[in-house]
Amino acid sequence: MSEEKKDESPPAAGPPALPDGVMAFFLSDSHAQKLGMKTGVGIVDLVPMATFNKDVYLKEIAELGFMCPFEPVEKQLKECPLEEFLVLTDIESVHGEMFLLYYGAEAIKNLTEKASREAAAAKAEEERLAAEAEAARIAEEARKNAVYVDEPLKPQVYVSETAEATHAEVDELTIKLNRPLISFSIGRPFKSCNKPVSFGDKELDSGIVASQKTRVPEFDMQRMERDTAVQAADAGKDGCSQTAWNRPVNKTTQYQPEKIITPSNVPESDDVDISSVANMLKGSIGKVEAALQQNETVNIFTDAMANVGDDDGTIGSKMENQLKELRNFTDLDFSKGKSLACIDWHPTTKGVVGVSVCKTMSFDERVEVSGQVDVAYVIIWEFTEWIKPQLVLQSPHETFTFKFNPTMPNLVCGGCYSGQAIMWDLNEAMGEIERKKQDKKSKDDGDDDDDEERPIVQHSAMSHIDTSHKRMVADMAWLPPESQVNHRGQILAEEHLDGKTYQFMTIAGDGQALIWDIRYIDIAAGKLLHIAKGVKGGGKDKGKEVGKVPWLPVFRMNVKRLEGWLAKDHNRPCVSLEKSPFFGDIILTVSDWNFHIWKLGQLKPVFVSPNSTNYLTGGRWSPTRPGMLFISKEDGCVDVWDFTDSSYRPSATLMTTPSRITSMEFLTGKTASGKQQLLAIGDVVGSLHVFQVPRNLMKGGASEKNTIDNFFNREINRMATSESRMQAREEEYEAKKKEAVRLEDEKKLELL
């Protein structure tokens, strides 16, 4: 027979007990609305507390009965000694119901006193915050209105609490030697002085004289071990080889001419059979003729190995590293004397590049002219036109960044100095240019059109300044065709994509990143509800336009509140930031004096370059070599860093322009050629230079990507080892410091 097991589990804890004079009761939503305790349509939209007259609702209970909301608590109302009772809202239903009835005098008194204390505390906290804000405002006004007087520094009398503190401070600032100083005396024997010396000449080809290394034990130096931080380079291996050398000897060869058959030495009576030779020549005529014809159609003097990759490609001589300038564009009306802030290549048409033109002004000069009406331009150049630009895009504000749409290149978007986003539509202007070209070909009159003015394209859309950035747009980027974002920041599903790019992101110094959609009119009309809701009054109504549709950002992000990887970079502002085209987690940042290479997730840079002798203005990764960087400088030079060659200095310095470089961009994408690499550079005087990169800077080794990957991993391991050693040193220092304090305390106790 099995014995029943008793349930030994503890009983479930019930709701906490209510104090005397308090009762939980049920009140329907309609009754709460009738009593004025509702603040909204939600169930929990209730006032915290309400008071009601006891006599009024006792009379209502007598007249209406169960229709009165307080009929279930009639008995408690009659027991209430006061004229009014309280109803408290318990949204979490801790006691089983959402409403608590306070009918006892003591309970009502405790509740009102508690509410008074909380109100007084809240009021005191509000007054404290207001006082702090007012004090901060007064301090800020005092700081702004402070008057600084340039007075000479007056020496003060040194004051110390005790003599021991003075001795301790002086002792701490005194440099103490841990070992005696090392001194050397270098000389030579007196008998070897003032001796005659004779030198003789030796022929170069008389032989090779080698000087072998000899070890002298008397001069071995004893060095102390010390920790020193170094920048490691690629692992190398020393090797040597000896070429064979043979003594030159003059030699001759003599042949017998009698052995060759000639008509002069052949007897007339002898019959020589040359039919086999004739047959051979007849059979070779066709092949020889085909070879000669091929030589006429094929250039046999071209270098057959010109397009073959070089596995041992390194930085060559100075002449091999010079950039070849292919084009130099300057417009006397729009760009001369102004800086080129941004460069972008056309994504589908070869030989077309755009530049944004900005004034070369300091911050103080911009403050003086702020508020004045002015225009700025973005110039589109074509390689076939040297003097006149193909198009000129006009903007009401200076455009410091712009990009062609990668899938619809006739749309150009940019970011202005005022923080607004701007868009141009080039379809009509490009069609007009094509019609003029066709008319010129049909006429074929040979007239020069240099005096013909290029069309100025006005912007087709511009965002409102109140909904845009509060500072200058620093950079922008188009989202890929397979990515679109809605107003909640969510990535849309594939069913809403059509293979085209419609959205781009802008970032500015106000700490915000905004995502814009060029279909803002359709969004305002409510045609793209999967992206955002329509705007009231957007689009058209009964065939009539209802005002201009505002261009609003689809999604707004606060960069300061983003959660993720964050690390402190340069001490000065960053002038360039670019991701490596070969490694998705490697980022280049350039500041005024040096550049850093980061790997996502690391709190310290993988590589820190030495300080430059000139200001750095930008940086770009090589689009064809994983381990090569191009760093532009203020003196017009470009430093080429090849990490397969050296990591402590630039491998080459290329001269591009005598003025300050303001922008730099490689030609990449569909229009780039595997045989030629183009680099566009803009300077501070308004000139756009297009250079051809040398072959040895363009072609890399087959294993260069693996080599650079190993280099980055090795640097990360070095940083981890260095941090662990520094931490160990700090712990050792702290231990020694505590031990010194303990010994000092023991010494004081002994003196006492």
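Residues numbered from 1 in each chain as written. Predicted model: local features only at pLDDT ≥ 70, side-chain atom pairs only at ≥ 80, totals over all residues. Heavy atoms only, no water.

Here we take up the packing of aromatic side chains. Throughout the structure, instances matching the rule amount to 29 aromatic pairs. Look at phenylalanine 25 and phenylalanine 70: their rings are 6.2 Å apart centre to centre, the planes differ by 40 degrees, and that puts the pair in the tilted class. Taken as a pair, phenylalanine 25 in strand β1 (residues 22-25) and phenylalanine 70 in the loop between α2 (54-64) and α3 (74-79) lie far apart in primary sequence, 45 residues in all. By the burial criterion, phenylalanine 25 is buried, and phenylalanine 70 matches it. An angle of 40 degrees between the planes, with centres 6.3 Å apart, marks the rings of phenylalanine 25 and phenylalanine 99 as tilted. Placement of the pair is phenylalanine 25 in strand β1 and phenylalanine 99 in strand β4 (residues 99-102), with a sequence separation of 74 residues. Residue phenylalanine 99 is classed as buried on the basis of its relative accessible area of 4%. In textbook terms, an aromatic cluster arises when at least three aromatic residues are bridged by ring pairs, as seen for Phe583, Phe595, Phe607, Trp641, Phe643, Phe711 and Phe712. One residue, arginine 366, lies across the ring of tyrosine 417, its end atom 4.9 Å from the ring centre. (Phe/Tyr/Trp six-rings, centres within 6.5 Å; stacked < 30°, edge-to-face > 60°. Helix = DSSP H or I, 4+ residues; strand = E, 2+ residues; numbered from the N terminus. Buried < 20%, exposed > 50% of the residue type's maximum accessible area, 1.4 Å probe, protein only. Lys NZ or Arg CZ within 6 Å of the ring centre and 35° of its normal.)

Before going further, it helps to examine the UniProt feature "coiled-coil region" (unreviewed entry) in the protein. Here the UniProt feature "coiled-coil region" (unreviewed entry) sits at residues 105-143 and 719-746. The distance from the first to the last C-alpha atom of residues 105-143 is 56 Å, and the span holds 100% helix and 0% strand. Secondary structure within residues 719-746 divides into 100% helix and 0% strand; the distance between the first and last C-alpha atoms comes to 41 Å. (UniProt positions renumbered as here; feature names shortened; annotations may be inferred.)

A grouping of Ile274, Val277, Met280 and Leu281 is seen on the molecular surface, where their side chains present a nonpolar patch of about 390 Å² in accessible area. Structurally, isoleucine 274 can be placed in the loop between α5 (163-173) and α6 (275-297). The class of isoleucine 274 is exposed, set by a relative accessible area of 57%. (Patch = residues over 30% accessible without salt bridge, like charges linked within 9 Å, V, L, I, M, F, W, Y side chains within 5 Å. Areas by Shrake-Rupley, 256 points an atom, 1.4 Å probe, with all protein chains shown as cover. Salt bridge = Lys/Arg side-chain N within 4 Å of Asp/Glu carboxyl O.)

In this section: the side chain of glutamate 665. Turning to its location among the elements, glutamate 665 is positioned in strand β29 (residues 661-666). In this structure the side chain of glutamate 665 is engaged in a polar contact, spanning 3.2 Å, whose partner is the side chain of arginine 620. Excluding residues that lie within four positions of it along the chain, glutamate 665 makes contacts with Ile343, Trp345, Arg620, Leu678, Leu679 and Ala680. (Polar contact = N/O pair within 3.5 Å; in protein donor to acceptor, adjacent residues only side chain to side chain. Contact = heavy atoms within 4.5 Å.)

Our next topic: the environment of methionine 430. Secondary-structure assignment places methionine 430 in helix α8 (residues 427-443). Residues methionine 430 and leucine 391, spaced 39 residues apart in sequence, show a C-alpha to C-alpha distance of 8.4 Å. Every residue in contact with methionine 430, bar those within four places of it in the chain, is listed here: Gln390, Leu391 and Asn410.

Further remarks concern the sheet that holds strand β13 (residues 456-457). Overall, mixed pairing links the 5 strands, which are arranged β6-β7-β8-β9-β13 in an open sheet. Each edge of the open sheet is held by one strand with a lone partner, namely β6 (339-345) and β13. The pairing of strand β7 (residues 352-358) with strand β8 (residues 376-382) spans 6 bridges and is antiparallel. Bridging across to β8, glycine 354 finds its partner in isoleucine 380. (Pairing = 2+ DSSP bridges.)

Looking now at α2. What α2 keeps buried is the set Lys54, Tyr57, Glu60 and Ile61. Each buried residue of α2 lies within a common arc of 130 degrees when the element is viewed along its axis, so the set occupies one face. Every exposed residue of α2 that faces more than 90 degrees away from the buried side is listed here: Lys59, Ala62 and Glu63. Where α2 is buried, its residues contact α1 (29-34), β2 (49-53), α3 and β3 (84-89). One side-chain oxygen at the N-terminal end of α2 lies 3.0 Å from the backbone nitrogen of aspartate 55; it belongs to asparagine 53. One or two positions beyond α2, positive phi appears at glycine 65, with a value near 75 degrees. (Arc of directions from axis to C-beta.)

The tally for this structure, following the rule as stated, stands at 24 salt bridges. With a closest N to O distance of 3.2 Å, glutamate 704 and arginine 625 form a salt bridge. Taken together, the positions of glutamate 704 in helix α11 (residues 704-751) and arginine 625 in the loop between β25 (616-621) and β26 (628-633) put the pair 79 residues apart, joining distant regions of the chain. Grouping residues by exposure puts glutamate 704 and arginine 625 together as buried. Between arginine 742 and glutamate 739 there is a salt bridge, with its nearest N and O atoms 2.2 Å apart. Of this pair, arginine 742 and glutamate 739 are both found in helix α11, 3 residues apart, which corresponds to roughly one turn of the helix.

This part takes up the nonpolar core. Grouped together as the largest cluster of nonpolar side chains are 20 residues, with contacts concentrated most on Phe52, Phe70, Phe85 and Val87. Looking at this core, the elements that each hand over two or more residues are β2, α2, β3 and β4. Setting aside anything within four residues of it in sequence, one finds phenylalanine 85 in contact with Ala50, Thr51, Phe52, Asn53, Lys54, Tyr57, Phe70, Leu77, Cys80, Leu101, Tyr102 and Ile108. Of all hydrophobic cores here, the second largest spans 19 residues; its members include Val606, Leu629, Ile708 and Ile716. (Core = buried A, V, L, I, M, F, W, Y, C linked by side-chain atoms within 4.5 Å.)

Below, the discussion takes up the sheet that holds β26. In spatial order, the strands read β25-β26-β27-β28; together these 4 strands make up an open sheet with antiparallel pairing. Of all the strands in the sheet, just β25 and β28 (652-655) have a single pairing partner and so form its edges. The sheet shows a mean angle of 25 degrees between the axes of neighbouring strands, direction not considered. (Axes fitted to C-alpha atoms, helices over the stretch in contact; angles between N-to-C directions.)

Turning our attention to helix α4 (residues 105-144). Between the first and last C-alpha of α4 there are 58 Å, a value that for 40 residues agrees with the 58 Å anticipated at 1.5 Å per step. Buried residues of α4: Ala107, Ile108 and Leu111, and no others. On its buried side, α4 packs onto β1, β2, β3 and β4. (Expected span 1.5 Å × (residues − 1).)

What follows is about the pairing of β25. Two faces, one strand: in a regular strand the side chains alternate between the faces of the sheet. The element β25 is largely enclosed, with a buried count of 6 among its 6 residues. Sheet topology places β25 next to β26; 5 bridges connect them, and they run antiparallel. From the neighbouring strand, glycine 618 faces β26, where its bridge partner is serine 632. Linking β25 back to β26 in an antiparallel pair, the connection comprises 6 residues.

Even without a glycine there, the phi angle at asparagine 194 is positive, about 60 degrees. Assignment of secondary structure puts asparagine 194 in the loop between α5 and α6. We classify asparagine 194 as exposed; its relative accessible area is 78%.

This part takes up the environment of phenylalanine 711. Along the chain, phenylalanine 711 falls in helix α11. Between the alpha carbons of phenylalanine 711 and valine 606 there is a distance of 9.6 Å; along the sequence they are 105 residues apart.

A few words now on the pairing of strand β27 (residues 637-642). Among the 6 residues that make up β27, 6 are buried, leaving the element largely enclosed by the rest of the structure. Side chains of β27 alternate between two faces, with Cys637, Asp639 and Trp641 and Val638, Val640 and Asp642 buried alike. With 5 bridges connecting them, β26 and β27 associate as antiparallel partners. Bridging across to β27, isoleucine 631 finds its partner in aspartate 639. Sheet analysis places β27 next to β28, joined by 4 bridges and oriented antiparallel. Considered in β28, the bridge of aspartate 639 is made with threonine 653.

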